[in-house]
Amino acid sequence: QAYRLLGRAIDCMPHAKLRIFLECCEEVLAVLREKTDWEAKDGQAPEPLKSKFIFGREQARRAPQAVLRTLGEICDLTAARRIRVTILDNGFFANWLQVLDARFFAHVEAVVEPDWLLTGQEREFNYGAAGVDLFRALFDGAALLDDGAAAAEG
């Protein structure tokens, strides 16, 4: 399965972008190797600040599958011509990075559409009222100019 996915990635992704992805994965796997408590009896994550380890054995064992799943998602993304990037209920920069990743891995002719429409149920990504399209409010120059013109007229 992993070989098939890697072959698919080689076929559908520019090699420079695949190389960046794989180099980042190498860094993640190195941190897992060094910061996992492989000898813990229960295999769970260690208590914060009580050891040099960050991960438990079970967390580390799930990481390679997560890497493969992500690579498959990126392969799907490279084939899409229209990509909608929805909100992760996380901080601002996690969402911003989602948009940047989508644009980076998308086909050069693909349209990447951030959909940061707030529902009002967000716990972490709560930078506006329900119904606000936060991406457009922050980054759409026309919308910002229109708001500025309205404020100047009012």
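See the structure shown above.
Residues numbered from 1 in each chain as written. Predicted model: local features only at pLDDT ≥ 70, side-chain atom pairs only at ≥ 80, totals over all residues. Heavy atoms only, no water.

Chemist: Is there a simple way to explain the pairing of strand E3 (residues 82-86) in this structure?
Modeler: The side chains of a regular strand alternate, residue by residue, between the two faces of the sheet. With burial as the criterion, only one face of E3 is covered, namely that bearing Ile83 and Val85; the residues Arg82, Arg84 and Thr86 on the opposite face remain uncovered. The pairing of E3 with strand E4 (residues 111-115) spans 5 bridges and is classified as parallel. From the neighbouring strand, Val85 faces E4, where its bridge partner is Pro114. For the handedness criterion, the β-α-β arrangement of E3, helix H4 (residues 92-105) and E4 is classed as right-handed. (Buried < 20%, exposed > 50% of the residue type's maximum accessible area, 1.4 Å probe, protein only. Helix = DSSP H or I, 4+ residues; strand = E, 2+ residues; numbered from the N terminus. Pairing = 2+ DSSP bridges. Right-handed = clockwise from strand over helix to strand, strands pointing away.)

Chemist: Even after reading the chapter, I still don't get the environment of Phe125, so can you show me in this structure?
Modeler: Secondary-structure assignment places Phe125 in the loop between E4 and helix H5 (134-139). Remark: the alpha-carbon pair of Phe125 and Phe92, spanning 33 residues in sequence, is separated by 6.3 Å. If near-sequence neighbours (up to four positions away) are discounted, Phe125 is found in contact with Ile87, Leu88, Asp89, Asn90, Gly91, Phe92, Asn95, Trp116, Leu118 and Leu134. (Contact = heavy atoms within 4.5 Å.)

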